[in-house]
Amino acid sequence: MGEPFLEGHDASKTSLPPRSRKLDLAAHAAWLYYIAGNTQEEIAAKLNVSRQAAQRLVALAVTKKLIKFRLDHPLSECIALAESLRDKFGLSLCEVVPTDAGKSDILQGLGVCAATHLEAYLIAKTPTIMAFSSGRTLRAMVEQIPSMNQPQHKIVSIIGNMSHCGRAGRHEVVIHLSDRVGSQAYPVPTPVVATSIEERELLQTQRSFITVKALAEQAKVTFVGISHIAWNAPLHQDGFINDEEVAELIELGAVGEIAGWACDRYGVLLQTGTNSRVASVPLEQPARRLIIGVAGGVKKAEAILAALRGKLITGLITDEVAAQAILTKI
């Protein structure tokens, strides 16, 4: 007999309805079981599901004839990339979505995948604290979440949403998600970067900031965007840092940022530059909780790799081209 392979729906499309997403999970479970030789307990841990759910996913793959005698499922390369990244960086969770060569916009695919994981927390009856940064990719995730009424949860931001001059950012996440699911919202009442160290210190002594910070530190899961540091990169383009500040960060060796906190190529958070004035909730390094980075594209590969090297994240949702670029660089 030959080796089993996976076959089924067209996973090359990044906009996947819930049923297609379930088949993706079934394909992933089948790959781990038949190809990688994982036990059902190991599959359950890697996919963040119960052992019974892992067993059902493998059974679904067989029922839907995803299993034959060799690996030939469209997601096989993505699954292999995800497993390589998981093993290399000791990640609790890793997903790689296909890159559509015909489209430059990868946000929808990342958003669909991230929303699948987020929804698992949102539908829980047990009161849960979830924390978020901001940005285009996480907003794409929120757009994929169906309307629901879950007032028992707390949705907490870890980043302010204003520029130096008080202009609001366009890609805020917490309020939009709260409106969609009916959970309690806790935004950070500060700009992303304060105008001075003294202003930052004053802002972070306010009771509202202390409350949000305490909640963020208790979050069961935190979803963060990861961006590169460059001219017209999101932090600069959205007006959170000015021309002089982005030039200074580049001079200091910054390659990426999470929630406004800039880091070098090794993932070490800078001690100078705008980091001395960032008014966001401080990042934990190394992260000891589930912090899921959601980002993709070749431009962000170096920033994602830095976050992985610096252990600023413990989970990753990315796309094929970024995963390939990261594995090539290490």
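For the structure, see preceding data.
The notes below deal with the structure included here. (Residues numbered from 1 in each chain as written. Predicted model: local features only at pLDDT ≥ 70, side-chain atom pairs only at ≥ 80, totals over all residues. Heavy atoms only, no water.)

## Quick notes on the sheet that holds strand 2 (residues 129-132)
Phase 1 of the analysis: The strand order across the open sheet formed by 7 strands is 1-10-9-5-2-3-4, and the pairing between neighbours is parallel. Because the sheet does not close on itself, it has two edges, and the strands there are strand 1 (93-97) and strand 4 (184-186). Direction aside, neighbouring strands of the sheet carry axes that sit 15 degrees apart on average.
Phase 2 of the analysis: Contacts from helix 13 (residues 320-329) reach strand 1 and strand 10 (315-319) within the one sheet, and its direction differs from that of strand 10 by about 115 degrees. (Pairing = 2+ DSSP bridges. Helix = DSSP H or I, 4+ residues; strand = E, 2+ residues; numbered from the N terminus. Axes fitted to C-alpha atoms, helices over the stretch in contact; angles between N-to-C directions. Contact = heavy atoms within 4.5 Å.)

## Notes on the packing of helix 2 (residues 40-47) against helix 3 (residues 51-63)
Relative orientation and spacing of two packed helices are given, respectively, by the angle between their axes and the distance between those axes.
Phase 1 of the analysis: Packing of helix 2 against helix 3 brings their axes to within 8 Å, and their N-to-C directions diverge by 100 degrees. In terms of orientation, helix 2 lies roughly perpendicular with respect to helix 3. Residues Q40, E41, I43, A44 and L47 of helix 2 touch helix 3, and the partners they reach there are R51, A54, Q55, L57 and V58.
Phase 2 of the analysis: Residues of the contact of helix 2 with helix 3, tallied by class, amount to 6 nonpolar, 2 polar and 2 charged. (Parallel < 35°, antiparallel > 145°, perpendicular 65-115°, else oblique. Nonpolar A, V, L, I, M, F, W, Y, C, P; charged D, E, K, R; others polar.)

## A few points about the pattern of salt bridges
Phase 1 of the analysis: Taken as a whole and assessed by the stated rule, the structure comprises 10 salt bridges.
Phase 2 of the analysis: The partner of K46 in a salt bridge is E83, with the nearest N and O atoms 3.6 Å apart. In this pair, K46 sits in helix 2 while E83 sits in helix 4 (residues 76-89), placing the two residues 37 residues apart along the sequence.
Phase 3 of the analysis: For K46, a relative accessible area of 22% gives the class partly exposed.
Phase 4 of the analysis: Here E83 falls in the buried class, since its relative accessible area comes to 6%.
Phase 5 of the analysis: A salt bridge links E83 to R86, with the shortest nitrogen-to-oxygen separation between them at 3.7 Å. One end of the pair is E83 and the other is R86, both in helix 4 and 3 residues apart, which spans about a single turn. (Salt bridge = Lys/Arg side-chain N within 4 Å of Asp/Glu carboxyl O. Buried < 20%, exposed > 50% of the residue type's maximum accessible area, 1.4 Å probe, protein only.)

## Quick word on the packing of helix 4 against helix 13
Phase 1 of the analysis: Helix 13 packs onto helix 4 with a crossing angle of 45 degrees between their chain directions and a minimal axis gap of 10 Å. Considered as vectors, helix 4 and helix 13 are oriented oblique to each other. The handedness of the crossing between helix 4 and helix 13 is left-handed. For the pair helix 4 and helix 13, the contacting residues are E77, C78, L81, S84, L85 and F89 in the first and E320, A323, Q324, I326 and L327 in the second. (Left-handed = near helix turned anticlockwise from the far one by under 90°.)

## Section: a nonpolar patch on the surface
Phase 1 of the analysis: A surface patch of nonpolar side chains, about 260 Å² in accessible area, is lined by Y33, Y34 and V62.
Phase 2 of the analysis: Here Y33 is to be found in helix 1 (residues 18-35).
Phase 3 of the analysis: Looking at Y33, the relative accessible area reads 34%, which means it is partly exposed. (Patch = residues over 30% accessible without salt bridge, like charges linked within 9 Å, V, L, I, M, F, W, Y side chains within 5 Å. Areas by Shrake-Rupley, 256 points an atom, 1.4 Å probe, with all protein chains shown as cover.)

## Structural notes on the pairing of strand 9 (residues 291-294)
Phase 1 of the analysis: Here strand 9 shows no split at all, with I291 and G293 on one side and I292 and V294 on the other all buried.
Phase 2 of the analysis: Here 4 bridges tie strand 5 (residues 221-225) to strand 9, and the two strands are oriented parallel to one another. Residue pairing in the sheet places T222 in a bridge with I291 of strand 9.
Phase 3 of the analysis: Strand direction decides the pairing type here: strand 9 and strand 10, joined by 3 bridges, are parallel. The residue bridging I292 from the neighbouring strand is G315, located in strand 10.
Phase 4 of the analysis: Remark: the strand 9/helix 12 (residues 301-309)/strand 10 crossover connection has right-handed handedness. (Right-handed = clockwise from strand over helix to strand, strands pointing away.)

## With respect to unusual backbone geometry
Phase 1 of the analysis: In this structure, the amide linkage connecting Q285 to the following residue, P286, adopts the cis form with an omega of 0 degrees.
Phase 2 of the analysis: Along the chain, P286 falls in the loop between strand 8 (261-263) and strand 9.
Phase 3 of the analysis: You will see that N48, though not glycine, has its phi angle at about 60 degrees, which is positive.
Phase 4 of the analysis: Mapped onto the elements of the fold, N48 is located in the loop between helix 2 and helix 3.
Phase 5 of the analysis: With a relative accessible area of 49%, N48 lands in the partly exposed category.
Phase 6 of the analysis: The phi dihedral of N232 falls on the positive side, at around 70 degrees, and the residue is not glycine.

## Some remarks on the sheet that holds strand 7 (residues 256-258)
Phase 1 of the analysis: Spatial ordering of the open sheet is given by 6-7-8, a layout of 3 strands whose pairing is antiparallel. With one partner strand each, in any of the chains shown, strand 6 (227-228) and strand 8 form the two edges of the open sheet.
Phase 2 of the analysis: Bridge count between strand 7 and strand 8: 3 bridges; the pairing is antiparallel. Looking at the pairing, G256 lines up with C263 of strand 8.

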